[in-house]
Amino acid sequence: MCKVSIKYLMIMAALLLCATACHTRSNKRLNEMALQDSWYALHLQWKVKTLTQYEYIARNGEKPGAWYRKDVYNFDQDGYLQENQIYFNQGAYQDLKQPALYLRQEYTYDNRQNLVLKKVYASDGHLNYRERFVYDDHNSLARQTGVNGGGIDTFRIAYQNKYNRGGQIVERRTSAGKPPKPVAKEIYTYNANGNLETEKKYGSDPVKKNFYLLYSITSKYNGDWLLISQEKRDALAHTLSTLTYDLKGNVLKNLVKDDDGNIDNNATDVMTYEFDKRGNWTIQTVADAAGKAKTFYKREIVYY
């Protein structure tokens, strides 16, 4: 079983905060207004109080007896994430119940409902690290810092945002470290309805001191705002991924092809769902292009 490090989760959290708003149902505004793991980002219907999600890793296309990972999300009545816990089951591959808390995270927001502080606690309860977030006048992320439990800086990230007349980000440059060095650049365009239409992300070459394309995403909409599909071209992996969505914002398929148009069976994901009476999915099955199940998810939802 693969082990997930705290450092990995810190990096992924930093990237997720920037990317979450780009992949929600309405892409009219690109900012980070507390969308991380909120009702909006998770496409949850009605007023969800607690969401518990179990992940099962398929064996030979079949669902095993024990879950591998459990995530618990607790929301306030306005839909903002207050706390979440991550558990791993050490005995999942032997169908044993040996769950252990991996970490717990707490979230604090300002009066504009922007996420300003995240605290991460280890399984024994001690503070492992905390992240602080600062926003510009457009409510877009401008600065992000991480400090471990001993008060030592772990990372510093700064964002320079450029806007169009409608207040939407058209360019974002990311720098990290002390002194800051450029690490990424993102370019955004919007359609006539103001929805995010294209996104290009570039990495920074410290030797050549220039930027190189990492990937580009093109989004298509049905009518004024409903996102129905996205195409992602990965310039490094030389793949084209086509994502299609249902009316609730759930991904139905992620079809992955190489440069020659051949389908990558293992990388392709096909999702099927079962829903509760309020329209939230409670069962998700992820299969490859040939229909062989790879992952199963089960949700337990408590409403206000």
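Above this text you will find the structure in question.
As the structure is a computational prediction, the values presented were derived from the model and not from experiment.

Side note on the overall build of the chain
At step 1: Along the backbone of the chain there are one helix and 18 strands.
At step 2: Counting across all 304 residues of the chain, residues that qualify as buried make up 48%.
At step 3: If you sum the accessible surface of the chain, you get close to 16,000 Å²; carbon and sulfur atoms cover 51% of it.

Examining the packing of aromatic side chains
At step 1: A complete count under the given rule lists eight aromatic pairs for this structure.
At step 2: Both rings, one in Y54 and one in W67, keep their centres 5.9 Å apart while their planes meet at 55°; by these two values the pair is tilted. Taken as a pair, Y54 in strand β1 (residues 48-57) and W67 in the loop between β1 and β2 (69-75) lie far apart in primary sequence, 13 residues in all. Note on accessibility: Y54 and W67 belong to one class, buried.
At step 3: Centroid distance Y80 to Y109: 5.5 Å. Interplanar angle 55°. Geometry classified as tilted. Linking Y80 in the loop between β2 and β3 (81-89) with Y109 in strand β4 (residues 99-109), this pair joins segments that are 29 residues apart in sequence. Judged on exposure class, the residue Y80 and its partner Y109 are both buried.
At step 4: Through a chain of ring-to-ring contacts, three or more aromatic side chains come together here, namely W39, Y73 and F75.
At step 5: Here the guanidinium or amino end of R172 rests over the ring plane of Y159, the centre of that ring lying 4.9 Å away.

Re the pattern of salt bridges
At step 1: If you walk through the whole model with that rule in mind, you get seven salt bridges.
At step 2: Between R173 and E171 there is a salt bridge, with the nearest N and O atoms lying 2.6 Å from each other.
At step 3: A relative accessible area of 14% places E171 in the buried class.

A closer look at empty space enclosed by the protein
At step 1: Going through the model one piece at a time under the given rule, you end up with one cavity of 30 Å³ or more.
At step 2: What lines the largest cavity is simply I57, R59, P64, A66, Y68, A92 and Y93.
At step 3: A breakdown of the residues in the lining of the largest cavity according to their chemical character gives six nonpolar, no polar and one charged.

Some remarks on the environment of D153
At step 1: Within the secondary structure, D153 is located in strand β8 (residues 153-163).
At step 2: Accessibility expressed as a relative area gives 41% for D153, which makes it partly exposed.
At step 3: For the pair D153 and E131, spaced 22 residues apart in sequence, the C-alpha to C-alpha distance is 10.0 Å.
At step 4: Not counting the four nearest positions on each side in its chain, D153 is found in contact with G146 and V147.
At step 5: A distance of 2.7 Å separates polar atoms of two side chains, one belonging to D153 and the other to R156.

Overview of the side chain of K185
At step 1: As for its placement among the helices and strands, K185 is situated in strand β10 (residues 181-190).
At step 2: Comment: no salt bridge for buried K185; closest opposite-charge side chain is E171, at 5.8 Å.
At step 3: The residues touching K185, leaving out its near neighbours within four places in the chain, are E171, R172, R173, K200, K201, Y202 and F211.

Details of the pairing of strand β6 (residues 127-135)
Strand residues, when the strand is regular, have side chains that alternate between the two faces of the sheet.
At step 1: Here strand β5 (residues 115-122) runs beside β6; their pairing, made up of five bridges, is antiparallel. Paired with K119 across the strands is R130, a residue of β6.
At step 2: Between β5 and β6, which pair antiparallel one after the other, the connecting turn spans four residues, and G125 there sits at a positive phi close to 100°.
At step 3: Pairing of β6 with strand β7 (residues 141-148), which is carried by seven bridges, proceeds in the antiparallel orientation. Each residue of the ladder has a partner; that of Y135, found in β7, is L141.
At step 4: Here β6 folds back onto β7, and the loop between the two strands holds five residues, one of which, N139, carries a positive phi near 70°.

Overview of the nonpolar core
At step 1: Grouped together as the largest cluster of nonpolar side chains are 20 residues, with contacts concentrated most on L44, V48, L51, F75, L81, Y109 and L115.
At step 2: Looking at this core, the elements that each hand over two or more residues are β1, β2, β4, β6, β8 and β18 (293-303).
At step 3: Counting residues per element, this core draws most heavily on β8, at three residues.
At step 4: In this structure, L44 is in contact with W39, L51, F75, N280 and R299, ignoring residues within four places of it in sequence.

A word on the pairing of strand β12 (residues 210-222)
At step 1: Strand direction decides the pairing type here: strand β11 (residues 196-205) and β12, joined by eight bridges, are antiparallel. Counterpart to D205 in the pairing with β12 is N210.
At step 2: Taking the residues between adjacent antiparallel strands as the criterion, β11 and β12 are bridged by four residues, where K209 takes a positive phi near 55°.
At step 3: Relative to strand β13 (residues 226-234), β12 is paired through eight bridges, and the arrangement is antiparallel. Within β13, the position partnered with Y215 by the bridge is D234.
At step 4: As consecutive antiparallel partners, β12 and β13 are separated by three residues, and within that stretch G223 has a phi angle of approximately 80°, a positive value.

Reading the values: rules and limits
Residues numbered from 1 in each chain as written. Predicted model: local features only at pLDDT ≥ 70, side-chain atom pairs only at ≥ 80, totals over all residues. Heavy atoms only, no water. Helix = DSSP H or I, 4+ residues; strand = E, 2+ residues; numbered from the N terminus. Buried < 20%, exposed > 50% of the residue type's maximum accessible area, 1.4 Å probe, protein only. Areas by Shrake-Rupley, 256 points an atom, 1.4 Å probe, with all protein chains shown as cover. Phe/Tyr/Trp six-rings, centres within 6.5 Å; stacked < 30°, edge-to-face > 60°. Lys NZ or Arg CZ within 6 Å of the ring centre and 35° of its normal. Salt bridge = Lys/Arg side-chain N within 4 Å of Asp/Glu carboxyl O. 1 Å grid on protein atoms, 1.4 Å probe; cavity = no way out; pocket = protein on both sides within 12 Å on 5 of 7 lines; lining within 4 Å. Points joined across faces, edges and corners; volume = space filled by probe spheres on them. Nonpolar A, V, L, I, M, F, W, Y, C, P; charged D, E, K, R; others polar. Contact = heavy atoms within 4.5 Å. Polar contact = N/O pair within 3.5 Å; in protein donor to acceptor, adjacent residues only side chain to side chain. Lys, Arg positive; Asp, Glu negative; His and termini not counted. Pairing = 2+ DSSP bridges. Core = buried A, V, L, I, M, F, W, Y, C linked by side-chain atoms within 4.5 Å.

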